[in-house]
Amino acid sequence: MKYIYDDLVDKNILITGGAGFIGSNLALYFQKHHPGANVCVFDKFRDDTYFPSGNPTSLGHFKNLLDFRGEVIVGDLTKDLDKLKGRDFDYIFHQAAISDTTAMDQKLMLETNFEAFVKLYEIAKQSGAMLIYASSAGTYGNSPAPNIVGVGEVPENIYGYSKLQMDIFTRQVLAQDSEIPLIGLRYFNVYGEREFYKGKTASMILQLGLQALEHKKVRLFKYGEQLRDFVYIKDVIQANVKAIEASASGVYNVGSGKARSFNDIINELKRHLGDFEVEYIDNPYTFYQNHTQADIALSQEFLSYTPRFSLEQGIESYIPEILNIFNAQMHKKA
C-alpha cells in the first residue's frame, strides 16, 4: 500500500499514542514508504505490573514498535507535553487518548482527551505544524444512521463527549480562520493488525476470533443484529495520510460507509476458522450503540478518501494475524 506523497523528505512527523494500535501502524507506514521523513513517537506506554488483566489505562506497548527505528519520547498527555515544546514539527498525528468507552472517570477523561488536545494544538500552532487528530463515531451516540458530521451529535458516554469537545473546539478555531491546518477524523469501528494490546477494547473481530479458536464457542449480545460500520486499519491509515493534502480543514468521518451486523462477522469468521457455537447474552450497557454507519461523502470530496476494504476483505487480510496471536497464546499456556 503506497500513496502518492513524495514531499515528506526531511519533514518532521510526530505521532502521539505511537505505541498504540493506530499510532504504531502510522509510524511504521511512514518509516516504510517515506524513509526520508523524521518520525517521532510520543507515548505513555503501559505498566503491566499494575494491570495484570491486560486492560491498562495506557494501551501503548513496546512490541508494537519492535520494527520502528525513529525517535521515541515517553510521556503522559496530562503531564509531559512540555517535552514537545520548541520542537520543529511539520505534521502531528494525535492518536493518544483514553479510548475505553466504559471508563467512568469524567475528570480524567476530559483532562486527557480534551484539555491535552487544546495544549497540543497550541504546540502545533507555535511550530506551524498541521494537526490531524483522532475523533470518534462515539460523538453520535445512538442518533439515527447514517451518521453525518454536524448532525445528531449526542454522545452516550464521557468518552464520546470528550471527543465531541475536541471537534467543537476545532469548529471554533476554523470559524476564526478556515485556513488553519487542523483536521479531525471520526473513526468508526477500527480493526486490524497491532490491536492485540488494546485488551478488552480490541475489536470484536479479534475478540470473537480468539474465542472461537480457543473454545469453539463465542458470546455475543442478543441477538447479534446490531449494526456497526467496521473499518479496516489500512483504510484508517489511508485517511490519515490523505489528510495531509486535504482541500479543506474540518471534521470528517472515517468508516467503510456501510453498516454490517455482528452476525455478519460470525459468518465470515466461520468461513475462515470453521464452525463454532454462538451464545447470545444480555447487553448490560445502556449506552451501547446499536447502529452506526459513516456518511463519507465529505471525506471523499475533501480528503479523496475511498475505503478499499469490505468487511469480508478486511477479515480475510486479518485472519493470519489472529491465528498467530492464538498460536502464541497457546504456546504460553503449554
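Caption draft 1: Geometry of the overall build of the chain. Counting its secondary structure elements, the chain contains 8 helices and 13 strands. Against the 2.2 N^0.38 benchmark of 20 Å for 334 residues, the chain shows a C-alpha radius of gyration of 19 Å, consistent with a compact globule. Projected onto its principal axes, the C-alpha coordinates of the chain cover approximately 55 × 45 × 40 Å. Per-residue burial over the chain gives 52% buried out of 334 residues. Partitioning the contacts of the chain with sequence separation of at least 6, the portion at a separation of at least 24 is 82%. When the accessible surface of the chain is summed, it comes to about 15,000 Å², and 50% of that surface belongs to carbon and sulfur atoms. Charged side chains in the chain number 34 positive and 41 negative. The centres of these two groups are separated by 4 Å.

Caption draft 2: Region of the structure containing the packing of aromatic side chains. Counted under the stated rule, the structure contains 13 aromatic pairs. Look at Phe-117 and Tyr-133: their rings are 4.6 Å apart centre to centre, the planes differ by 50°, and that puts the pair in the tilted class. Within this pair, whereas Phe-117 is found in helix α2 (residues 106-127), its partner Tyr-133 is found in strand β5 (residues 130-136), the two being separated by 16 residues in sequence. Each member of the pair, Phe-117 together with Tyr-133, is buried. Residue Phe-117 is classed as buried on the basis of its relative accessible area, which comes to 0%.

Caption draft 3: Geometry of the pairing of strand β2 (residues 38-43). Burial analysis of β2 places 5 of its 6 residues in the buried class, the great majority of the element. In this sheet, β2 lies alongside strand β1 (residues 12-16) in parallel orientation, the contact comprising 5 bridges. Residue pairing in the sheet places Leu-14 in a bridge with Cys-40 of β2. Read from β1 through helix α1 (residues 21-33) to β2, the crossover connection turns out right-handed.

Caption draft 4: Quick peek at the side chain of Asn-147. By secondary structure assignment, the location of Asn-147 is in the loop between β5 and α3 (158-176). Classification of Asn-147 as buried rests on a relative accessible area of 2%. Ignoring sequence-local partners within four residues, the contact set of Asn-147 consists of Tyr-140, Phe-188, Asn-253, His-291, Thr-292, Gln-293, Ala-294 and Asp-295.

Caption draft 5: Quick look at the sheet that holds strand β4 (residues 91-94). Spatial ordering of the open sheet is given by β3-β2-β1-β4-β5-β6-β11, a layout of 7 strands whose pairing is parallel. Every interior strand has two partners, whereas the edge strands, β3 (71-74) and β11 (250-254), have only one. The sheet shows a mean angle of 20° between the axes of neighbouring strands, direction not considered. Pairing geometry for β4 and β5, over 4 bridges, is parallel. Within β5, the residue paired with Tyr-91 across the bridge is Met-130. Packing of α3 onto the sheet brings it into contact with β4, β5, β6 (182-187) and β11, and relative to β5 it is tilted by some 145°. Across the sheet, helix α5 (residues 233-243) is in contact with β4, β5, β6 and β11; its angle to β6 comes to roughly 170°.

Caption draft 6: Broad picture of the packing of helix α4 (residues 204-215) against helix α8 (residues 311-333). One way to put it is that α4 packs onto α8 with a least axis distance of 9 Å and a crossing angle of 50°. Judged by the inter-axis angle, α4 sits oblique to α8. The two elements α4 and α8 cross, and the hand of that crossing is right-handed. For the pair α4 and α8, contact is made by Ile-205, Leu-206, Gly-209, Leu-210, Leu-213 and Glu-214 and by Leu-311, Ile-315, Tyr-318, Ile-322, Leu-323, Ile-325, Phe-326, Gln-329, Met-330 and Lys-333, respectively. Split by residue class, the contact of α4 with α8 holds 12 nonpolar, 2 polar and 2 charged.

Caption draft 7: Representation of the nonpolar core. By size, the foremost hydrophobic cluster in this structure holds 70 residues, and its most contacted members are Ile-13, Phe-30, Phe-93, Ile-205 and Ile-265. Setting aside residues no more than four positions away along its own chain, Phe-30 makes contact with Leu-8, Ile-13, Ile-15, Pro-35, Val-39, Phe-93, Val-241 and Ile-244. Of all hydrophobic cores here, the second largest spans 26 residues; its members include Phe-42, Ala-124, Ile-180 and Val-251.

Caption draft 8: Broad picture of unusual backbone geometry. The amide bond that connects Ala-145 to the next residue, Pro-146, takes the cis arrangement and shows omega of 0°. For Pro-146, the location among the structural elements is in the loop between β5 and α3. In this structure, the amide linkage connecting Lys-222 to the following residue, Tyr-223, adopts the cis form with an omega of -15°. Counting through the fold element by element, Tyr-223 comes out in the loop between β8 (217-221) and β9 (227-228). If you check the backbone angles, Phe-45 has positive phi at about 65° while not being a glycine. You can see Phe-45 is positioned in the loop between β2 and β3. On the basis of relative accessible area, Phe-45 is assigned to the partly exposed category, the value being 21%. Unusually for a residue other than glycine, Lys-216 sits at a positive phi of about 55°. Following the sequence through the fold, Lys-216 ends up in the loop between α4 and β8.

Definitions and cut-offs
- Residue indices follow the written sequence of each chain, beginning from 1 at its first position.
- Where local features are concerned, this predicted model is filtered to residues with pLDDT of at least 70; where side-chain atom pairs are given and counted, the filter is 80 or more; whole-chain, interface and lining totals use all residues.
- Each side-chain value is worked out from all heavy atoms of the structure, with water and hydrogens disregarded.
- Put simply, DSSP marks the helices as runs of H or I at least four residues long and the strands as runs of E at least two long, and each gets a number from the N terminus on.
- Taken over C-alpha atoms, the radius of gyration is set against a globule rule of 2.2 Å times the number of residues to the power 0.38.
- Residue exposure (1.4 Å probe, protein chains only): buried if accessible area is under 20% of the type maximum, exposed if over 50%, otherwise partly exposed.
- By the convention used here, residues are in contact when the closest approach between their heavy atoms is within 4.5 Å.
- Exposure was quantified through the Shrake-Rupley algorithm and a 1.4 Å probe, taking into account, for residues, occlusion by the shown protein chains and nothing else.
- Residues scored as charged are limited to Lys and Arg (positive) and Asp and Glu (negative), so that His and the chain ends carry no count.
- Where a charge lies is defined by one atom per residue type, namely NZ (Lys), CZ (Arg), CG (Asp) and CD (Glu).
- Two rings from Phe, Tyr or Trp (for Trp, the six-membered ring) form a pair when their centres are within 6.5 Å of each other. A pair whose planes differ by under 30 degrees is stacked, one over 60 is edge-to-face, and the rest are tilted.
- When DSSP finds two or more bridges between two strands, those strands count as paired.
- Crossovers are described as right-handed under a simple rule: with the strands pointing away from the observer, the path leading from the first strand over the helix to the second runs clockwise.
- Axes, fitted as lines to C-alpha atoms, cover a helix only where it is in contact. Angles between the N-to-C directions of the axes lie from 0 to 180 degrees.
- Any angle that is under 35 degrees is reported as roughly parallel, and any over 145 degrees as roughly antiparallel; angles of 65 to 115 degrees are reported as roughly perpendicular and all others as oblique.
- It is the rotation of the near helix from the far one that decides the hand of a crossing: anticlockwise by less than a right angle makes it left-handed, clockwise makes it right-handed.
- Ten residue types, Ala, Val, Leu, Ile, Met, Phe, Trp, Tyr, Cys and Pro, are classed as nonpolar, four, Asp, Glu, Lys and Arg, as charged, and the remainder, Gly among them, as polar.
- The criterion is simple. A nonpolar core is a set of buried Ala, Val, Leu, Ile, Met, Phe, Trp, Tyr and Cys residues joined through side-chain atoms within 4.5 Å.

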